[in-house]
Amino acid sequence: MAINIQMPALSPTMEEGTLSKWLVKEGDTVKSGDVMAEIETDKATMEFEAVDEGIIGKILVPEGADGVKVGTVIAVLVDEGEVVPADAAAPAPKAAAPAAAAASAPAPAAPQPAAASAATPAPTAAGDRVKASPLARRIAAQTNVDLTGLAGSGPNGRIVKADVEGARPGVAAAQPAAASAAPVAAPAPAPVAAQDFGIPHTVEKLSNMRKTIARRLTESKQQVPHIYLTVDIRLDALLKLRGELNAALEPSGVKISVNDMLIKALAKALLAVPKCNVQFAGDQLLSFSRADISVAVSIAGGLITPIIVDAGSKAISAISTEMKDLATRAKDGKLAPHEFQGGTASISNMGMMGIKEFAAVINPPQAMIMAIGAGEKRPYIVDDALGVATVMSATGSFDHRAIDGADGAQLMKVFKQLVEAPLSLVA
């Protein structure tokens, strides 16, 4: 019996992907667990494994196809001697559906009168799939709002956060009609048009990861009110302890980095100041009982944030070993979705690049990120006397909807104390 192999959802936010490479060809026999293709998602390039056994009867979507919707039939698996059904090629055109849909649905880009918008629910579905942003889906799930039939005010009728919040019980009724129509009346910003002034250049198509980074960071700066708090931290004691630990761990082949120790310090600080270990969720606030730290890792084509789960309870040597493994597999595109999705807070270290100080953009739905600058020799007051110390600047970016400035300041204070008196990190 022929089995349709569909484009998988390799991450919770994935709606479409690029079929980067086929690792099998028509006529090949596969069994459960065999890697059949490499698929570029909105997060990374991942391997796609076979679930069933059989023979690749027909490949319907060629490698390199972009914008392949989740659920699209990409190949057909048959038993030995079985003939591929005649209609098996029908799903193939879905790979080009995004471009066709964009060309045939220009209407949402034009402002519509409020009455017309209310009478005609915007085209929020492509086929049977509701078009909604990941944030809108998450808020809808948390507030029990049915997305089916909701009018979307985003690009091409996409349901966004404002649409879901306006549909929550008691919210829409409390607002005047003009106010509720406002999100629809404000069209989404038009894509930035390339301007060619005759300067020699090349054109590179954006990867799904880069598109997602651009979208998520834009949403973060537009929707999340950032507050930034910076402290200068003396590193001499931490560097001395690191040297002693590495000397002791040398026989086991473990080498601890400064970043490993800062991951531990941030986790312990979040547990000590639980008001910062939170997540804003519309009319709810999630408070976490453990600190899962997302660590920014630069990879080809973008950035990914593998997670050290429960970093506050792990030894620094364990964090170091785990971080090296995660970073290596991240650069090879081998991370599983649960290894880079989630986390309660993030840390981004650009000190190794000589950056003295910077303010990082919050990674939604998290409510804070710690930006680490370079440790450098600076004039510093030591025991009430001017001296020279190794000092770094750390800047916390906080979601002001969830975290008050005083609580953010308390977290920065505790983080500073832990780094300057690092023995507590190994206690």
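(A) Main features of the environment of Ala 394. As for its placement among the helices and strands, Ala 394 is situated in strand β21 (residues 385-399). Residue Ala 394 is classed as buried on the basis of its relative accessible area, which comes to 0%. Sequence separation of Ala 394 and Gly 373 is 21 residues, and the distance between their C-alpha atoms is 6.0 Å. Setting aside residues no more than four positions away along its own chain, Ala 394 makes contact with Leu 229, Thr 230, Val 231, Ile 233, Met 370, Ala 371, Ile 372, Met 412 and Phe 415.

(B) Main features of the sheet that holds strand β4 (residues 35-40). Taken in spatial order, the four strands line up as β5-β4-β2-β7 in an open sheet, and their pairing is antiparallel. Here the strands that pair on one side only, and so sit at the sheet edges, are β5 (45-49) and β7 (65-69). Strand-to-strand twist of the sheet, defined as the mean angle between neighbouring strand axes without regard to direction, takes the value 40°.

(C) Representation of the pattern of salt bridges within the structure. All told, the structure shown has 18 salt bridges when counted by the stated rule. Two residues, Lys 356 and Glu 376, come together in a salt bridge whose shortest N-O distance is 4.0 Å. Taken as a pair, Lys 356 in the loop between β18 (345-349) and β19 (368-372) and Glu 376 in strand β20 (residues 376-382) lie far apart in primary sequence, 20 residues in all. In this structure, Glu 376 and Arg 378 form a salt bridge, with 3.0 Å as the shortest nitrogen-oxygen distance. Overall, the relative accessible area of 28% leaves Glu 376 in the partly exposed class.

(D) Spatial organisation of the sheet that holds strand β8 (residues 73-78). One open sheet accounts for four strands, arranged β1-β8-β6-β3; its pairing is antiparallel. The open sheet has two free edges, formed respectively by β1 (3-6) and β3 (29-30), since each of these has just one partner strand. Here strand β6 (residues 54-59) pairs with β8 via four bridges, running antiparallel. Residue Lys 58 lies in a different strand from β8, and its bridge partner there is Val 76.

Conventions used here
- Residues numbered from 1 in each chain as written.
- Predicted model: local features only at pLDDT ≥ 70, side-chain atom pairs only at ≥ 80, totals over all residues.
- Heavy atoms only, no water.
- Helix = DSSP H or I, 4+ residues; strand = E, 2+ residues; numbered from the N terminus.
- Buried < 20%, exposed > 50% of the residue type's maximum accessible area, 1.4 Å probe, protein only.
- Contact = heavy atoms within 4.5 Å.
- Pairing = 2+ DSSP bridges.
- Axes fitted to C-alpha atoms, helices over the stretch in contact; angles between N-to-C directions.
- Salt bridge = Lys/Arg side-chain N within 4 Å of Asp/Glu carboxyl O.

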